[in-house]
Amino acid sequence: MASDMQLLRDKTVDAVKTTAIWSVVLCHAAAGPFSGGTVGTMSWYAALLWTSLAHACVPLFLMASGALLLRPEKNLTLRKLYTRSIPRILAALFFWALCYKLAALKLMDSLTLPDVADAVKHLVLFHHEEHFYYLHITLLAYAALPVTRLFARYADRRLLKYALTLWFLLGILYPTVRTFWPFTLLTGVPVQWRMNMTYASIGYMLLGHYLSVYHPRPDRRASAVVLLAGFLLTFWGTCFLSSAAGRPDDHFLEGMGVPVFLVASGVWGLCRTASLSEGGGRLTGFFSKASFCIYLTHIFFLQMFARWGLRAAEGPVLLTVPLISGLIIGCCCAVYAALSRVPFARRWLI
(Lines give C-alpha, C1' and ligand atoms only; values in the text may rest on other atoms or scores of the structure.)
Protein backbone atom coordinates (compact mmCIF):
# COMPACT_ATOMS: atom_id res chain seq x y z
CA MET A 1 0.00 0.00 0.00
CA ALA A 2 2.83 2.37 0.84
CA SER A 3 4.47 1.79 -2.53
CA ASP A 4 1.13 2.41 -4.31
CA MET A 5 0.66 5.69 -2.49
CA GLN A 6 4.24 6.68 -3.34
CA LEU A 7 3.56 5.92 -7.01
CA LEU A 8 0.37 7.99 -6.86
CA ARG A 9 2.18 10.88 -5.25
CA ASP A 10 4.92 10.85 -7.88
CA LYS A 11 2.41 10.76 -10.73
CA THR A 12 0.51 13.62 -9.13
CA VAL A 13 3.61 15.76 -8.84
CA ASP A 14 4.55 14.92 -12.42
CA ALA A 15 1.09 16.03 -13.59
CA VAL A 16 1.32 19.24 -11.56
CA LYS A 17 4.80 20.07 -12.88
CA THR A 18 3.72 19.31 -16.44
CA THR A 19 0.77 21.67 -16.08
CA ALA A 20 3.03 24.26 -14.46
CA ILE A 21 5.70 24.28 -17.16
CA TRP A 22 3.15 24.50 -19.98
CA SER A 23 1.55 27.36 -18.06
CA VAL A 24 4.90 29.16 -17.81
CA VAL A 25 5.35 29.10 -21.58
CA LEU A 26 1.70 30.01 -22.24
CA CYS A 27 2.07 33.01 -19.90
CA HIS A 28 5.10 34.34 -21.72
CA ALA A 29 3.69 33.65 -25.17
CA ALA A 30 0.54 35.59 -24.24
CA ALA A 31 2.42 38.42 -22.49
CA GLY A 32 2.96 40.44 -25.66
CA PRO A 33 -0.66 40.67 -26.84
CA PHE A 34 -1.84 41.15 -23.25
CA SER A 35 0.53 43.88 -22.02
CA GLY A 36 1.00 45.49 -25.43
CA GLY A 37 -2.52 45.04 -26.73
CA THR A 38 -5.47 47.41 -26.65
CA VAL A 39 -7.81 46.75 -23.76
CA GLY A 40 -11.21 45.55 -24.93
CA THR A 41 -10.15 44.10 -28.29
CA MET A 42 -10.75 40.44 -29.12
CA SER A 43 -7.00 39.79 -29.25
CA TRP A 44 -6.56 41.27 -25.80
CA TYR A 45 -9.43 39.21 -24.38
CA ALA A 46 -7.93 36.07 -25.93
CA ALA A 47 -4.51 36.84 -24.41
CA LEU A 48 -6.17 37.46 -21.06
CA LEU A 49 -7.96 34.13 -21.32
CA TRP A 50 -4.69 32.23 -21.62
CA THR A 51 -2.99 34.43 -19.05
CA SER A 52 -5.77 33.90 -16.50
CA LEU A 53 -5.55 30.14 -16.89
CA ALA A 54 -1.76 29.99 -16.83
CA HIS A 55 -0.70 32.46 -14.14
CA ALA A 56 -0.84 29.79 -11.42
CA CYS A 57 2.40 28.29 -12.78
CA VAL A 58 4.75 29.47 -10.02
CA PRO A 59 2.38 28.52 -7.14
CA LEU A 60 2.01 25.08 -8.73
CA PHE A 61 5.78 24.58 -8.89
CA LEU A 62 6.09 25.67 -5.25
CA MET A 63 3.30 23.32 -4.17
CA ALA A 64 4.94 20.43 -6.01
CA SER A 65 8.26 21.22 -4.31
CA GLY A 66 6.56 21.25 -0.92
CA ALA A 67 4.86 17.93 -1.56
CA LEU A 68 8.25 16.37 -2.36
CA LEU A 69 10.69 18.15 -0.08
CA LEU A 70 8.64 18.44 3.12
CA ARG A 71 7.72 14.79 3.47
CA PRO A 72 9.50 13.30 6.52
CA GLU A 73 10.99 10.35 4.64
CA LYS A 74 12.83 12.69 2.28
CA ASN A 75 16.53 12.60 3.12
CA LEU A 76 17.71 16.21 2.98
CA THR A 77 20.54 17.03 5.36
CA LEU A 78 22.19 20.43 5.69
CA ARG A 79 25.26 18.98 4.01
CA LYS A 80 23.24 17.75 1.02
CA LEU A 81 21.33 21.01 0.85
CA TYR A 82 24.45 23.19 0.69
CA THR A 83 26.67 20.90 -1.35
CA ARG A 84 24.16 19.72 -3.96
CA SER A 85 20.72 21.35 -4.00
CA ILE A 86 21.56 25.03 -3.61
CA PRO A 87 24.84 24.89 -5.62
CA ARG A 88 22.92 23.25 -8.47
CA ILE A 89 20.39 26.09 -8.54
CA LEU A 90 23.17 28.68 -8.43
CA ALA A 91 25.14 26.97 -11.18
CA ALA A 92 22.14 26.79 -13.51
CA LEU A 93 21.05 30.32 -12.63
CA PHE A 94 24.39 32.00 -13.33
CA PHE A 95 25.22 29.89 -16.38
CA TRP A 96 21.96 30.57 -18.19
CA ALA A 97 21.78 34.17 -17.02
CA LEU A 98 25.23 34.69 -18.55
CA CYS A 99 24.09 33.02 -21.77
CA TYR A 100 21.11 35.38 -22.00
CA LYS A 101 23.32 38.43 -21.42
CA LEU A 102 25.94 37.37 -23.97
CA ALA A 103 23.23 36.58 -26.52
CA ALA A 104 21.69 40.03 -26.00
CA LEU A 105 25.07 41.72 -26.42
CA LYS A 106 25.74 39.72 -29.58
CA LEU A 107 22.40 40.72 -31.06
CA MET A 108 23.18 44.37 -30.33
CA ASP A 109 26.71 44.04 -31.76
CA SER A 110 28.04 45.15 -28.36
CA LEU A 111 30.18 42.15 -27.49
CA THR A 112 33.09 44.34 -26.35
CA LEU A 113 35.22 43.82 -23.26
CA PRO A 114 33.66 46.75 -21.30
CA ASP A 115 30.15 45.53 -22.14
CA VAL A 116 31.00 41.97 -21.09
CA ALA A 117 32.51 43.26 -17.86
CA ASP A 118 29.35 45.29 -17.21
CA ALA A 119 27.22 42.20 -17.92
CA VAL A 120 29.25 40.19 -15.41
CA LYS A 121 28.73 42.92 -12.81
CA HIS A 122 24.98 42.76 -13.35
CA LEU A 123 25.20 38.98 -13.21
CA VAL A 124 26.81 39.04 -9.76
CA LEU A 125 24.23 41.54 -8.52
CA PHE A 126 21.39 39.19 -9.56
CA HIS A 127 20.21 41.50 -12.36
CA HIS A 128 19.03 38.58 -14.46
CA GLU A 129 16.34 37.82 -17.01
CA GLU A 130 12.98 38.69 -15.49
CA HIS A 131 11.66 35.13 -15.47
CA PHE A 132 14.59 34.04 -13.28
CA TYR A 133 12.86 35.67 -10.30
CA TYR A 134 11.50 32.21 -9.55
CA LEU A 135 15.03 30.89 -8.98
CA HIS A 136 15.77 33.84 -6.69
CA ILE A 137 12.70 32.83 -4.68
CA THR A 138 13.73 29.17 -4.77
CA LEU A 139 17.11 29.97 -3.23
CA LEU A 140 15.41 31.53 -0.21
CA ALA A 141 12.82 28.75 0.01
CA TYR A 142 15.60 26.12 -0.04
CA ALA A 143 17.59 27.99 2.60
CA ALA A 144 14.48 27.88 4.82
CA LEU A 145 13.90 24.16 4.22
CA PRO A 146 15.57 22.89 7.43
CA VAL A 147 13.18 25.01 9.49
CA THR A 148 10.15 24.38 7.25
CA ARG A 149 10.78 20.63 7.26
CA LEU A 150 11.09 20.59 11.04
CA PHE A 151 7.78 22.42 11.38
CA ALA A 152 6.03 20.19 8.83
CA ARG A 153 7.30 17.04 10.53
CA TYR A 154 6.23 17.83 14.09
CA ALA A 155 3.24 20.15 13.68
CA ASP A 156 -0.13 18.41 13.96
CA ARG A 157 -2.97 19.08 11.55
CA ARG A 158 -4.44 21.84 13.69
CA LEU A 159 -1.16 23.76 13.90
CA LEU A 160 -0.57 23.34 10.16
CA LYS A 161 -4.04 24.74 9.45
CA TYR A 162 -3.32 27.68 11.76
CA ALA A 163 -0.03 28.42 9.99
CA LEU A 164 -1.69 28.20 6.57
CA THR A 165 -4.54 30.44 7.69
CA LEU A 166 -2.08 33.07 8.91
CA TRP A 167 -0.16 32.77 5.64
CA PHE A 168 -3.35 33.10 3.60
CA LEU A 169 -4.49 36.22 5.48
CA LEU A 170 -1.15 38.06 5.34
CA GLY A 171 0.45 36.60 2.22
CA ILE A 172 -2.53 36.08 -0.11
CA LEU A 173 -5.64 38.00 1.01
CA TYR A 174 -4.00 41.19 2.26
CA PRO A 175 -1.90 41.71 -0.91
CA THR A 176 -5.09 41.28 -2.95
CA VAL A 177 -7.21 43.83 -1.08
CA ARG A 178 -4.45 46.31 -0.20
CA THR A 179 -5.17 48.50 -3.24
CA PHE A 180 -8.87 48.84 -2.48
CA TRP A 181 -10.74 51.05 -0.03
CA PRO A 182 -10.75 50.98 3.02
CA PHE A 183 -7.38 49.20 3.10
CA THR A 184 -5.81 52.11 1.22
CA LEU A 185 -6.45 54.19 4.34
CA LEU A 186 -4.05 52.10 6.42
CA THR A 187 -0.70 53.69 7.27
CA GLY A 188 2.25 52.95 9.52
CA VAL A 189 2.99 49.47 10.83
CA PRO A 190 -0.29 47.83 9.66
CA VAL A 191 0.90 48.40 6.09
CA GLN A 192 3.90 46.19 6.93
CA TRP A 193 1.69 43.31 8.05
CA ARG A 194 1.52 42.26 4.42
CA MET A 195 3.86 39.32 3.83
CA ASN A 196 6.55 39.90 1.22
CA MET A 197 5.98 37.87 -1.95
CA THR A 198 9.28 36.03 -1.62
CA TYR A 199 8.62 34.86 1.91
CA ALA A 200 4.96 34.18 1.15
CA SER A 201 6.15 31.68 -1.48
CA ILE A 202 7.21 29.35 1.32
CA GLY A 203 3.54 29.14 2.29
CA TYR A 204 2.72 27.52 -1.05
CA MET A 205 5.27 24.81 -0.29
CA LEU A 206 3.61 24.18 3.06
CA LEU A 207 0.23 24.09 1.31
CA GLY A 208 1.44 21.45 -1.13
CA HIS A 209 2.64 19.34 1.79
CA TYR A 210 -0.60 19.79 3.74
CA LEU A 211 -2.83 18.88 0.81
CA SER A 212 -0.70 15.82 0.01
CA VAL A 213 -0.89 14.51 3.57
CA TYR A 214 -4.40 15.46 4.67
CA HIS A 215 -6.29 15.67 1.37
CA PRO A 216 -4.76 12.96 -0.81
CA ARG A 217 -8.09 12.33 -2.56
CA PRO A 218 -9.74 15.72 -3.14
CA ASP A 219 -13.22 15.99 -4.58
CA ARG A 220 -13.00 16.41 -8.35
CA ARG A 221 -16.13 18.57 -8.62
CA ALA A 222 -15.07 20.82 -5.77
CA SER A 223 -11.65 21.25 -7.39
CA ALA A 224 -13.27 22.16 -10.71
CA VAL A 225 -15.52 24.71 -8.98
CA VAL A 226 -12.53 26.27 -7.20
CA LEU A 227 -10.60 26.44 -10.49
CA LEU A 228 -13.56 28.02 -12.29
CA ALA A 229 -14.09 30.56 -9.49
CA GLY A 230 -10.41 31.53 -9.58
CA PHE A 231 -10.43 31.84 -13.36
CA LEU A 232 -13.57 33.99 -13.42
CA LEU A 233 -12.25 36.24 -10.66
CA THR A 234 -8.92 36.59 -12.46
CA PHE A 235 -10.41 37.22 -15.89
CA TRP A 236 -13.24 39.60 -14.99
CA GLY A 237 -11.29 41.31 -12.22
CA THR A 238 -8.51 42.07 -14.69
CA CYS A 239 -11.06 43.25 -17.26
CA PHE A 240 -12.61 45.62 -14.73
CA LEU A 241 -9.32 47.09 -13.45
CA SER A 242 -7.86 47.37 -16.96
CA SER A 243 -10.95 49.07 -18.34
CA ALA A 244 -10.96 51.51 -15.43
CA ALA A 245 -7.26 52.32 -15.89
CA GLY A 246 -7.37 52.42 -19.69
CA ARG A 247 -4.39 50.05 -19.84
CA PRO A 248 -3.63 46.44 -18.88
CA ASP A 249 -3.67 46.01 -15.08
CA ASP A 250 -2.20 42.77 -13.74
CA HIS A 251 -3.14 43.11 -10.06
CA PHE A 252 -5.48 40.10 -10.16
CA LEU A 253 -2.79 38.10 -11.98
CA GLU A 254 -0.29 38.27 -9.10
CA GLY A 255 0.78 34.87 -7.83
CA MET A 256 0.35 35.94 -4.22
CA GLY A 257 -3.30 36.88 -4.69
CA VAL A 258 -6.65 35.21 -4.06
CA PRO A 259 -7.64 34.63 -7.73
CA VAL A 260 -4.42 32.82 -8.65
CA PHE A 261 -4.46 30.96 -5.33
CA LEU A 262 -7.89 29.56 -6.24
CA VAL A 263 -6.73 28.55 -9.73
CA ALA A 264 -3.65 26.80 -8.32
CA SER A 265 -5.70 24.98 -5.67
CA GLY A 266 -8.23 23.84 -8.27
CA VAL A 267 -5.56 22.63 -10.69
CA TRP A 268 -3.82 20.77 -7.85
CA GLY A 269 -7.03 18.95 -6.96
CA LEU A 270 -7.74 17.99 -10.56
CA CYS A 271 -4.20 16.70 -11.03
CA ARG A 272 -4.51 14.54 -7.92
CA THR A 273 -7.73 12.99 -9.17
CA ALA A 274 -6.63 12.58 -12.79
CA SER A 275 -6.53 9.02 -14.10
CA LEU A 276 -3.48 8.74 -16.31
CA SER A 277 -2.83 5.86 -18.65
CA GLU A 278 0.59 4.25 -18.69
CA GLY A 279 1.51 6.35 -21.72
CA GLY A 280 0.14 9.49 -20.10
CA GLY A 281 2.18 8.79 -17.00
CA ARG A 282 5.35 8.41 -19.06
CA LEU A 283 4.61 11.66 -20.90
CA THR A 284 4.03 13.70 -17.74
CA GLY A 285 7.08 12.03 -16.23
CA PHE A 286 9.17 13.25 -19.16
CA PHE A 287 7.83 16.81 -18.96
CA SER A 288 8.37 16.78 -15.21
CA LYS A 289 12.03 15.85 -15.62
CA ALA A 290 12.47 18.32 -18.49
CA SER A 291 10.60 21.17 -16.77
CA PHE A 292 13.70 22.83 -15.29
CA CYS A 293 15.44 22.88 -18.67
CA ILE A 294 12.30 24.18 -20.39
CA TYR A 295 11.97 26.93 -17.81
CA LEU A 296 15.63 27.95 -18.20
CA THR A 297 15.71 28.02 -22.00
CA HIS A 298 12.24 28.85 -23.31
CA ILE A 299 12.82 32.63 -23.43
CA PHE A 300 15.67 32.02 -25.91
CA PHE A 301 13.22 30.49 -28.36
CA LEU A 302 10.48 33.01 -27.61
CA GLN A 303 12.88 35.84 -28.49
CA MET A 304 14.25 33.97 -31.49
CA PHE A 305 10.80 33.39 -32.94
CA ALA A 306 9.88 37.02 -32.29
CA ARG A 307 12.90 38.16 -34.34
CA TRP A 308 11.61 35.95 -37.16
CA GLY A 309 8.20 37.60 -36.90
CA LEU A 310 6.60 34.61 -35.22
CA ARG A 311 4.63 36.33 -32.47
CA ALA A 312 1.32 35.49 -30.87
CA ALA A 313 -0.02 38.95 -31.76
CA GLU A 314 0.54 38.30 -35.48
CA GLY A 315 -2.50 36.02 -35.76
CA PRO A 316 -5.64 34.92 -33.93
CA VAL A 317 -4.29 35.00 -30.36
CA LEU A 318 -6.66 32.29 -29.19
CA LEU A 319 -4.79 29.89 -31.50
CA THR A 320 -1.32 31.41 -31.85
CA VAL A 321 -0.56 31.38 -28.10
CA PRO A 322 -0.90 27.58 -27.68
CA LEU A 323 0.68 26.90 -31.07
CA ILE A 324 3.76 29.00 -30.38
CA SER A 325 3.93 27.56 -26.86
CA GLY A 326 3.91 24.03 -28.24
CA LEU A 327 6.65 24.91 -30.72
CA ILE A 328 8.78 26.47 -27.98
CA ILE A 329 8.33 23.50 -25.68
CA GLY A 330 9.25 21.14 -28.51
CA CYS A 331 12.51 23.05 -29.08
CA CYS A 332 13.26 23.11 -25.34
CA CYS A 333 12.64 19.37 -25.09
CA ALA A 334 15.17 18.86 -27.88
CA VAL A 335 17.70 20.88 -25.87
CA TYR A 336 16.90 18.78 -22.80
CA ALA A 337 17.28 15.53 -24.74
CA ALA A 338 20.73 16.65 -25.93
CA LEU A 339 22.04 18.11 -22.65
CA SER A 340 20.71 15.24 -20.52
CA ARG A 341 23.20 12.99 -22.30
CA VAL A 342 26.08 15.10 -20.94
CA PRO A 343 26.72 14.12 -17.29
CA PHE A 344 27.98 17.54 -16.15
CA ALA A 345 25.13 19.42 -17.85
CA ARG A 346 22.56 16.94 -16.56
CA ARG A 347 23.75 17.37 -12.98
CA TRP A 348 24.43 21.10 -12.83
CA LEU A 349 22.81 23.00 -15.72
CA ILE A 350 19.36 21.47 -16.34
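Refer to the structure printed above.
A short tour of the structure in this document, coming up.

Parameters and conventions
Residues numbered from 1 in each chain as written. Predicted model: local features only at pLDDT ≥ 70, side-chain atom pairs only at ≥ 80, totals over all residues. Heavy atoms only, no water. Helix = DSSP H or I, 4+ residues; strand = E, 2+ residues; numbered from the N terminus. Buried < 20%, exposed > 50% of the residue type's maximum accessible area, 1.4 Å probe, protein only. Contact = heavy atoms within 4.5 Å. Expected span 1.5 Å × (residues − 1). Axes fitted to C-alpha atoms, helices over the stretch in contact; angles between N-to-C directions. Parallel < 35°, antiparallel > 145°, perpendicular 65-115°, else oblique. Nonpolar A, V, L, I, M, F, W, Y, C, P; charged D, E, K, R; others polar. Phe/Tyr/Trp six-rings, centres within 6.5 Å; stacked < 30°, edge-to-face > 60°.

Turning our eyes to something else, we now look at the side chain of Ser201. Here Ser201 is to be found in helix H10 (residues 197-214). Its relative accessible area of 0% is what places Ser201 among the buried residues. Excluding residues within four positions of it along the chain, Ser201 makes contact with Leu62, Ile137 and Met256.

On to helix H3 (residues 57-69), then. Between the first and last C-alpha of H3 there are 18 Å, a value that for 13 residues agrees with the 18 Å anticipated at 1.5 Å per step. Burial analysis of H3 places 12 of its 13 residues in the buried class, which makes it a mostly covered element. Among all positions in H3, only Cys57, Val58, Pro59, Leu60, Phe61, Leu62, Met63, Ala64, Ser65, Gly66, Ala67 and Leu69 are buried.

A few words now on the packing of helix H8 (residues 157-177) against helix H12 (residues 258-273). Each pair of packed helices gets described by two things: the angle between the helix axes and the distance between those axes. Two elements in contact, H8 and H12, have axes whose closest approach is 8 Å; the angle formed by their N-to-C orientations is 125°. Overall, the two elements H8 and H12 adopt an arrangement that is oblique. Facing Trp167, Phe168, Ile172, Leu173 and Thr176 of H8, the residues of H12 in contact are Val258, Pro259 and Phe261. By residue class, the composition of the contact of H8 with H12 is 7 nonpolar, 1 polar and no charged.

Another point: the environment of Phe286. Mapped onto the secondary structure, Phe286 falls in helix H13 (residues 278-307). In this structure the C-alpha to C-alpha distance between Phe286 and Asp14, which are 272 residues apart in sequence, comes to 8.3 Å. Phe286 has contacts with Cys333 and Tyr336, leaving out every residue within four places of it along the chain.

Right, let's talk about the side chain of Thr320 for a bit. Within the secondary structure layout, Thr320 lies in helix H14 (residues 317-339). Take Thr320: its relative accessible area is 13%, and that puts it in the buried class.

What the rule picks out here adds up to 24 aromatic pairs. For the ring pair Phe286 and Tyr336, a centre distance of 5.7 Å and an interplane angle of 75° mean the geometry is edge-to-face. Highlighted residues: Phe286 in helix H13 and Tyr336 in helix H14, separated in sequence by 50 residues. An aromatic cluster is present here, built from Phe61, Phe95, Trp96, Tyr100, Phe132, Tyr134, Tyr295 and Phe300 joined pairwise through their rings.

Purely geometric numbers; function is a separate question.
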